[in-house]
Amino acid sequence: MTVITRFAPSPTGFLHLGGARTALFNWLYVRHHGGRFLLRIEDTDRARSTKEAIAAILDGLAWLGLDHDGEVAYQSAHAVRHAEVAQRLLAQGMAYHCFCTPEELAEMREKAKAEGRPVRYDGRWRDRDPAEAPPGVPPVVRFKAPREGETVIRDLVQGEVRTANDQLDDMVLLRADDTPTYMLSAVVDDHDMGITHVIRGDDHLTNAFRQTQLFKALGWKIPEFAHIGLIHGPDGAKLSKRHGALGVEAYREMGFLPEAMCNYLLRLGWSHGDDEIISTEQAIAWFDLDAIGRAAPRFDLVKLTSLNGHYLRAADAPRLVDLIAPRLVPVLGREPAGPERERLAQAMGSLKERAKTLVELADNAAFYVRNRPIPLSEAAAAVVDKEARARLARLRPRLAEAGDWTEAALEEAVRGFAEADGLKLGQVAQPLRAALTGATISPGIFEVMRILGRDEVLGRLDDIRQPAKRQPA
RNA sequence: GACCCCAUCGUCUAGAGGCCUAGGACUCCGGCUUUUCAAGCCGGUAACACGGGUUCGAUUCCCGUUGGGGUCACCA
């Protein structure tokens, strides 16, 4: 049997973390077993669905590298088919017209609540003659759900879960305006698309019971279900706006790499022994549903950040230069060009060890391409006091005359100077660092000098002699 | 409230009756290295929610309690 899964987001917002993880699991399951991963936009609520949301979801998936097979399906395009299925159920006596008004329903709910009874539709039109229908009330079509017995689903993650049928009321299939509801659309589309495995958030677990009943009534094969725990915030409650729940594009903006995001999301609720760093290839080879934990995991930005640091260090220089180039526009006024990019590429090796996000990386790299005179941080300004400036002034000719502009030669020159002056290396290196990078923290100073080049180094040393002309950082 | 689900360090988790003196990762704290900061390496703090069973033996199985979560729309 070919495995066919789907990711079926409703386009009412960005691709949030939970959705991204659901998509990832669906994608991995298919890539592992061989099969098709379909994408279906559940836009049956046309009032809340937007083009922007669809674009954001598509962008998010593309960024994460979760490519789907075939064309994107839009659920709204199948509305006629869905309605036909409802009519068929109606004709077979497995569904019925309900003439309750919204007000009547609200009243029913309130009364049940007040009496401490479960809030459900009481089935008052289930066996009533449509001839008794009140005038002017357009009916909805409700599913005639079984009232006895129980519905059991064998969930691939949650195990066997059962619910008494009297806990489930008669759901609406077709609204008063004849449009299909989610419950109907999802079942019909899953059947029509040949979905074999429904992997989705745990919040759909109760829907699985109703959908199972519908599948049965229609005489269709029921797909396998796998309900994965929802991602929770630090306080244990479902990730929501109040936790600052963000779309994946926000994490991209914060400087996270897609591979770090995928690795993090994969390890959130799923594990393979003690493995932490897992490549996409390994993930495909190892992934399976039975290793998914049943409990809801909490989102931990610190761990994501740490993982991102790892992938940043593993990334190659040209790619990182490409990624930070747009982030350098604020300091350069434009994206870095040829020679600047070359300089950045050379510096990337040691720069990436000092950053956990692309934001940090760009910040730390900026001094390499800044125009002179470079601004000094407060701490750096404090380092280059009068004495330190005098020291640098004495060092300058030595550098100007240095034979080779290699790290070894530069180190020898600076160390020799420090020794001759009876100084510790740090007493020379820190002022030098401040003058050349504008900060008290940077990669090794000799590497910085080498990459900056003799002219730039001497120029920046000259700049430091006229502190009055500088702008504060 | 009803129904359903869940429960190992702060967090993500390993563990599928004796391999557990409960392992790994992140965080945190030390140390090494050192021109700063990282990275790296070494070391440390930190958990089986509670109560009953079952068993020669429970983190692992069963029941209950507690705690947490999810769902109860003409939304998806």
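First, a word on scope: everything that follows refers to the structure included in this document. Since the model is a prediction, treat every value here as computed from it, not as a measurement.

1. Description of the overall build of chain A
In step 1: Within chain A, the secondary structure is distributed over 20 helices and 10 strands.
In step 2: For a compact globule of 473 residues, the expected C-alpha radius of gyration is about 23 Å, and chain A comes in at 32 Å, more than 25% above that figure.
In step 3: Looking at chain A residue by residue over its 473 residues, the buried ones come to 48%.
In step 4: Within chain A, residue pairs in contact and separated by at least 24 positions form 76% of the contacts whose partners lie at least 6 positions apart.
In step 5: When the accessible surface of chain A is summed, it comes to about 22400 Å², and 51% of that surface belongs to carbon and sulfur atoms.

2. Points about the protein's contact with RNA strand B
In step 1: For RNA strand B, the set of nearby residues contains 67 residues, the closest of which are R175, G269, E353, R354 and R433.
In step 2: For RNA strand B, a sugar or linking oxygen lies 3.3 Å from a polar atom in the side chain of H232.
In step 3: Elements that contribute at least two residues to the surface near RNA strand B include exactly α4 (102–114), β5 (140–143), β7 (159–164), α5 (182–192), α6 (205–218), α10 (301–314), α18 (425–437) and α19 (445–452).
In step 4: When its residues are assigned to classes, the surface near RNA strand B shows 23 nonpolar, 20 polar and 24 charged.

3. Topic: the environment of L17
In step 1: Along the chain, the position of L17 falls in helix α1 (residues 17–33).
In step 2: Spatially, the C-alpha atoms of L17 and V248 are 6.3 Å apart, while their sequence positions differ by 231 residues.
In step 3: Beyond its immediate stretch of four places on either side in the chain, L17 contacts I231, L239, L246, V248, Y251, M261, L265 and F299.

4. As for the sheet that holds strand β8 (residues 172–174)
In step 1: Strand order across the open sheet formed by three strands is β4-β5-β8, with antiparallel pairing between neighbours. Only two strands of the sheet have a single partner each, and these edge strands are β4 (95–98) and β8. This sheet shows a mean twist of 45° between the axes of neighbouring strands, independent of strand direction.
In step 2: When β5 meets β8, the two strands line up antiparallel, connected through two bridges. Paired with V141 across the two strands is L174, which belongs to β8.

5. Quick word on the side chain of D155
In step 1: Along the polypeptide, D155 turns up in strand β6 (residues 150–155).
In step 2: Buried within the structure, D155 lacks any salt-bridge partner; its nearest side chain of opposite charge belongs to R200, at an N-O separation of 7.2 Å.
In step 3: One polar contact links D155 to H227, side chain to side chain, over a distance of 2.6 Å.
In step 4: Among residues more than four places away in sequence, those in contact with D155 are L205, F225, A226 and H227.

6. Considerations on the pattern of salt bridges
In step 1: Counted by the stated rule, this structure contains 28 salt bridges.
In step 2: With a closest N to O distance of 2.3 Å, R450 and E407 form a salt bridge. Pair noted here: R450 is in helix α19 and E407 is in helix α17 (residues 407–420), with a separation of 43 residues, a long-range link.
In step 3: One salt bridge in this structure joins R460 and E456, with 2.8 Å as the shortest N-O distance.

7. Describing α4
In step 1: The terminal C-alpha atoms of α4 lie 18 Å apart, and with 13 residues this matches the ideal 18 Å at 1.5 Å per residue to within 8%.
In step 2: Three or more residues of α4 are buried, namely L105, M108 and A112. All buried residues of α4 lie within an arc of 55° about the axis, which places them on one face of the element. Of the exposed residues in α4, those oriented more than 90 degrees away from the buried face are P102, E103, E107, E110, K111, K113 and A114.
In step 3: Contacts made by the buried residues of α4 are with β5.
In step 4: In the segment just after α4, G116 is the residue with positive phi, at about 75°.

So, how was this worked out
- Residues numbered from 1 in each chain as written.
- Chains lettered and ligands numbered in written order.
- Predicted model: local features only at pLDDT ≥ 70, side-chain atom pairs only at ≥ 80, totals over all residues.
- Heavy atoms only, no water.
- Helix = DSSP H or I, 4+ residues; strand = E, 2+ residues; numbered from the N terminus.
- Rg over C-alpha atoms; globule rule 2.2 N^0.38 Å.
- Buried < 20%, exposed > 50% of the residue type's maximum accessible area, 1.4 Å probe, protein only.
- Contact = heavy atoms within 4.5 Å.
- Areas by Shrake-Rupley, 256 points an atom, 1.4 Å probe, with all protein chains shown as cover.
- Near = heavy atom within 4 Å.
- Polar contact = N/O pair within 3.5 Å; in protein donor to acceptor, adjacent residues only side chain to side chain.
- Nonpolar A, V, L, I, M, F, W, Y, C, P; charged D, E, K, R; others polar.
- Pairing = 2+ DSSP bridges.
- Axes fitted to C-alpha atoms, helices over the stretch in contact; angles between N-to-C directions.
- Lys, Arg positive; Asp, Glu negative; His and termini not counted.
- Salt bridge = Lys/Arg side-chain N within 4 Å of Asp/Glu carboxyl O.
- Expected span 1.5 Å × (residues − 1).
- Arc of directions from axis to C-beta.

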